[in-house]
Amino acid sequence: MKKIVIATDGSETGRAAVRTGVELAADEGAEVVFAHVVSILEFAQNGNGHGPIRPERVPRVEDDAVLREALDVAHNRGIEAKPELLIGYPPNQILRLATDVDADLIVVGSRGLGRVKSAILGSTSREVLARADRPVLVVREVGVGDEVHA
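Values in this document were obtained by computation on a predicted structure and should not be read as measured data.

Trainee: Quick question: what am I supposed to make of the sheet that holds strand E1 (residues 3-7) here?
Mentor: Either a parallel or an antiparallel arrangement is found when strands of a sheet pair, and the pairing is made through backbone hydrogen bonds. Pairing is parallel in the open sheet, where five strands are placed in the order E3-E2-E1-E4-E5. Among the strands making up the open sheet, the edge pair consists of strand E3 (81-88) and strand E5 (136-139). Across this sheet, the average inter-strand angle for adjacent strands is 20 degrees, counted without regard to direction. Sheet contacts for helix H1 (residues 12-28): E1, strand E2 (31-39), strand E4 (105-109) and E5; angle to E1, the most-contacted strand, approximately 170 degrees.

Below you can see the structure in the form of structure tokens.
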């Protein structure tokens, strides 16, 4: 395994995906590319229908707290990682990035910060899993009451 794309949105399961993906990269000697996707909804029509909502400025990688946190996890484990801040529909952007960098694996959290949560898998992880042309590892956060077996 040479390259791993790890998608994160700053949620607990996103953080679990980062930790798991970084550990796997360390074990395999793989490169890491972190992906944080800013939803296209932030640029959708405003409430009065008079054009797009315009952010005060275009988001930048160096200002993105989610990516900085992921990079810190990688750095603390001695892993070099590249951050990618993407704008658009998260499943599409994650899959496009995985193709662009020729990733051997995509790591995503099972549920993130989406508006509508699914009982088992979040909509992003479900769609990435269904549409990916390469292996996908879906990670869930171990919570209170969950048993961990070694």
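Continuing now.
Trainee: Would you mind going over the pairing of E1 with me for this structure?
Mentor: In summary, the side chains of a regular strand alternate between the two faces of the sheet. Among the five residues of E1, five are classified as buried, and the element is accordingly described as predominantly covered. In E1, alternate side chains face the same way, and those of Lys 3, Val 5 and Ala 7 on one face and Ile 4 and Ile 6 on the other are all buried. Pairing geometry for E1 and E2, over five bridges, is parallel. Along E2, the bridge assignment pairs Lys 3 with Glu 31. In the classification by handedness, the crossover that spans E1, the intervening H1 and the parallel E2 is right-handed.

Trainee: It is not clear to me how the confidence of the model for the chain should be interpreted in this structure. Could you clarify?
Mentor: Predicted coordinates in areas of low pLDDT are best not read in detail. The predicted model of the chain averages 83 in pLDDT, with 73% of residues at 70 or higher. The model gives residues 144-150 a pLDDT under 50, and that stretch makes three contacts with residues more than four places away or in other chains.

Trainee: Please clarify how helix H2 (residues 65-76) should be interpreted in this entry.
Mentor: Helical geometry note: an α-helix holds 3.6 residues per turn, so side chains three or four residues apart project in the same direction. With 12 residues, H2 should reach 16 Å at 1.5 Å per residue; the first-to-last C-alpha distance of 16 Å fits that figure. Restricting attention to buried positions, one finds in H2 the residues Val 66, Leu 67, Ala 70 and Ala 74. Seen from one end, H2 has its buried residues packed into an arc of 90 degrees, which puts them on one side. Facing away from the buried side of H2 by more than 90 degrees, the exposed set consists of His 75 and Asn 76. Check the buried side of H2 and you find it contacts H1, E2 and E3. Directly after H2, the chain includes Gly 78, whose backbone phi takes a positive value near 80 degrees.

Trainee: What should I look at first to understand the pattern of salt bridges in this one?
Mentor: A full pass over the atoms with the stated rule returns nine salt bridges. Here Glu 31 makes a salt bridge to Lys 3, at a shortest N to O gap of 3.7 Å. In this pair, Glu 31 sits in strand E2 while Lys 3 sits in strand E1, placing the two residues 28 residues apart along the sequence. Note that Glu 23 and Arg 77 form a salt bridge whose closest N and O atoms lie 2.8 Å from each other. With Glu 23 in helix H1 and Arg 77 in the loop between H2 and E3, this residue pair connects regions lying 54 residues apart in the sequence. A cluster of three or more residues bridged by salt bridges with shared partners is formed by Glu 12, Arg 15 and Glu 69.

Definitions and limits used
- Residues numbered from 1 in each chain as written.
- Predicted model: local features only at pLDDT ≥ 70, side-chain atom pairs only at ≥ 80, totals over all residues.
- Heavy atoms only, no water.
- Pairing = 2+ DSSP bridges.
- Helix = DSSP H or I, 4+ residues; strand = E, 2+ residues; numbered from the N terminus.
- Axes fitted to C-alpha atoms, helices over the stretch in contact; angles between N-to-C directions.
- Contact = heavy atoms within 4.5 Å.
- Buried < 20%, exposed > 50% of the residue type's maximum accessible area, 1.4 Å probe, protein only.
- Right-handed = clockwise from strand over helix to strand, strands pointing away.
- pLDDT = per-residue confidence, 0-100.
- Expected span 1.5 Å × (residues − 1).
- Arc of directions from axis to C-beta.
- Salt bridge = Lys/Arg side-chain N within 4 Å of Asp/Glu carboxyl O.

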